[in-house]
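Each chain, letter by letter, is given below.
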Amino acid sequence: MVSNLRITERFRLLIEHAVNMYEEQEAAAILLIAPGPGDWARVKKLVGDANFIVVAEREDYLAEIDDEADIKTIVLEGMVDNPVYECLMQAILQGIEEDYIKPGSQIIALYGGFETETINTISCISLKEHLDRLTNSELRMLETSVPLDTLKTVVNLAIEIGRSGREGKPVGTLFVVGDAKKVLAESRSAGFDPVRGYSRTERNLMDPRVREGIKEIAQLDGAIIVEQDGTVAASCRILDSPASNITLSKGLGSRHWAAAATSRSTKAIAIAVSETNGTVRIFQNGEVVLRIEPSNRKPLIWKGFEYDSPED
C-alpha cells in the first residue's frame, strides 16, 4: 500500500531522536525507508547536516528530491512487497556499493516496522554485525574471469542452502564456477545427472525457478558445475583433481579437499557448503579465500579463517 509520508508531530519526534542517536553514536548516516512520496526538502531540514539517505521501492517516490539537495537516494528494484528487514539489508548493501556508507560503520535507520505505510521504528545498526551477503568489493578480490553477477548468484544460493538446508534438514554441497570444460575433464559422473537433457535456458541459475530446482539437486552426491554465464553444465560430478601438496585446516573433509584441489588445478572458483553447520567456504588456487558463517537466528557474520571442527 502506497502512502504519502506525512510530517506529523510524531514523525518530527522520531527524526529528532534519530539525529540525537546519529550524533551520540557517531553514525555514518541516517537511512529512511520511504512508504511513499514525501516533501523531502522539509524532511531534510529536520535532519540537518546529517548524511541522509532515502530508500524507496519505486523511483517516483523520490521525484520531489531536487538534484541539488543534499540527499542521497537508493531505489530497491524488484523488492516490492518484500519483508522490511530484507529491504533494509539490500539498502545497506547498495549504500556500500555506491560509497554512501562505509563497511564496518553504524547507521541509524527509520522505517515502518509494524505498519509499513508509516514510519514508526528507529534502529541503530552496526554493519559489522548485520551485513549478511557478499558485497561487490569482496567478490572483486577474486581474480577471475567469471562475471560478478554469476558469482553473486551462486554464492548467495550456497548461503541460502547453508542457512536453511532443504525442508528443515541440513544440506552440504559443492559448486564449481567457471572453466567448466576443464573441470568436466577432471571429473566423472556419479551416476544419474538430473540436469542432463534440459535446454540452457532451463539450466540457468539467473532464473529463480532453476535455483529452487538446484536446491533439490544439492542434496545428492557430487559437485554442481556452473559455466560463466550461470548455466549449470552438469551436476552430481565426482571431482578427480589431485590434492597433493594442498594444506587445509584440520577437520575439513573430502568435499573441501575436492574444492581446494579443483580450484588449484583449474581457473574455477569452488564454493563448498558444510553439512555440519552450513558454513560456506570459497576456494581459489587451492586455498580458502572467503568464509561465511550462517545462522538461522541472525544474519551471516564474516569471520577470519581459523580452526574448524570435523566436517564432511
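Residues numbered from 1 in each chain as written. Predicted model: local features only at pLDDT ≥ 70, side-chain atom pairs only at ≥ 80, totals over all residues. Heavy atoms only, no water.

(A) Inspection of the overall build of the protein at higher detail. Broken down by element type, the protein carries nine helices and 13 strands. When each of the 312 residues of the protein is scored for burial, the buried share is 50%. Within the protein, contacts between residues at least 6 apart in sequence are counted, and of these 58% link residues at least 24 apart. In the form shown here, the protein has an accessible surface area of approximately 15,800 Å², with 46% of it arising from carbon and sulfur atoms. (Helix = DSSP H or I, 4+ residues; strand = E, 2+ residues; numbered from the N terminus. Buried < 20%, exposed > 50% of the residue type's maximum accessible area, 1.4 Å probe, protein only. Contact = heavy atoms within 4.5 Å. Areas by Shrake-Rupley, 256 points an atom, 1.4 Å probe, with all protein chains shown as cover.)

(B) Structural detail: the sheet that holds strand 1 (residues 29–33). Pairing is mixed in the open sheet, where five strands are placed in the order 3-2-1-4-5. One side of each edge strand has no neighbouring strand; the edge strands of this open sheet are strand 3 (72–75) and strand 5 (121–126). This sheet shows a mean twist of 25° between the axes of neighbouring strands, independent of strand direction. Across the sheet, helix 1 (residues 9–24) touches strand 1, strand 4 (106–111) and strand 5, and the angle it forms with strand 4 is around 175°. Contacts between helix 2 (residues 40–47) and the sheet are confined to strand 1 and strand 2 (52–56), with strand 2 contributing the most and set at about 140° to the helix. (Pairing = 2+ DSSP bridges. Axes fitted to C-alpha atoms, helices over the stretch in contact; angles between N-to-C directions.)

(C) Summary view of unusual backbone geometry. One non-glycine residue with positive phi stands out, namely Asp 179, at about 50°. Position of Asp 179 relative to the elements: it lies in the loop between strand 6 (173–177) and helix 7 (180–185). Owing to a relative accessible area of 27%, Asp 179 belongs among the partly exposed residues under this scheme. Backbone geometry places Asn 285, a non-glycine residue, at a positive phi of 55°.

(D) View of the side chain of Lys 44. Looking at where Lys 44 falls in the secondary structure, it is placed in helix 2. The class for Lys 44 is buried, based on a relative accessible area of 13%. Setting aside chain neighbours within four positions, we find Lys 44 in contact with Asp 49, Ala 50, Phe 52, Asp 70 and Ile 71.

(E) Quick peek at the pattern of salt bridges. Under the counting rule described, the total for this entry stands at nine salt bridges. The salt bridge partner of Asp 229 is Arg 200, with a shortest N-O separation of 3.1 Å. With Asp 229 in the loop between strand 8 (223–226) and strand 9 (232–239) and Arg 200 in the loop between strand 7 (187–189) and helix 8 (208–217), the pair connects residues that are 29 residues apart, well separated along the chain. The class for Asp 229 is partly exposed, based on a relative accessible area of 39%. (Salt bridge = Lys/Arg side-chain N within 4 Å of Asp/Glu carboxyl O.)

(F) Main features of helix 3 (residues 84–97). Taking 1.5 Å per residue, 14 residues should reach 20 Å; helix 3 reaches 20 Å between its end C-alpha atoms and fits that length. Residues of helix 3 that are buried include every one of Cys 87, Leu 88, Met 89, Gln 90, Ala 91, Ile 92, Leu 93, Gly 95 and Ile 96, and no others. Note on helix 3: the residue one or two positions beyond its end, Asp 99, has a positive phi of about 65°. (Expected span 1.5 Å × (residues − 1).)

(G) Region of interest: the pairing of strand 2. The buried count for strand 2 comes to five of five residues, which makes it a mostly enclosed element. Burial of the side chains of strand 2 extends over both faces: Phe 52, Val 54 and Ala 56 are buried on one face and Ile 53 and Val 55 on the other. Two strands pair when backbone bridges link them, and strand 1 and strand 2 are joined in this way by four bridges, in the parallel orientation. Paired with Ile 33 across the bridge in strand 2 is Val 55. Read from strand 1 through helix 2 to strand 2, the crossover connection turns out right-handed. Bridge count between strand 2 and strand 3: four bridges; the pairing is parallel. What sits directly across from Ala 56, in strand 3, is Val 75. (Right-handed = clockwise from strand over helix to strand, strands pointing away.)

(H) Fine view of the environment of Val 84. Tracing the backbone through its elements, the reader meets Val 84 in helix 3. By relative accessible area, Val 84 is classed as partly exposed at 25%. Sequence spacing of Val 84 and Gly 113 is 29 residues, and the spatial spacing of their C-alpha atoms is 7.1 Å. Contacts of Val 84, omitting those with residues within four sequence positions, involve Ile 33, Tyr 111 and Gly 112.

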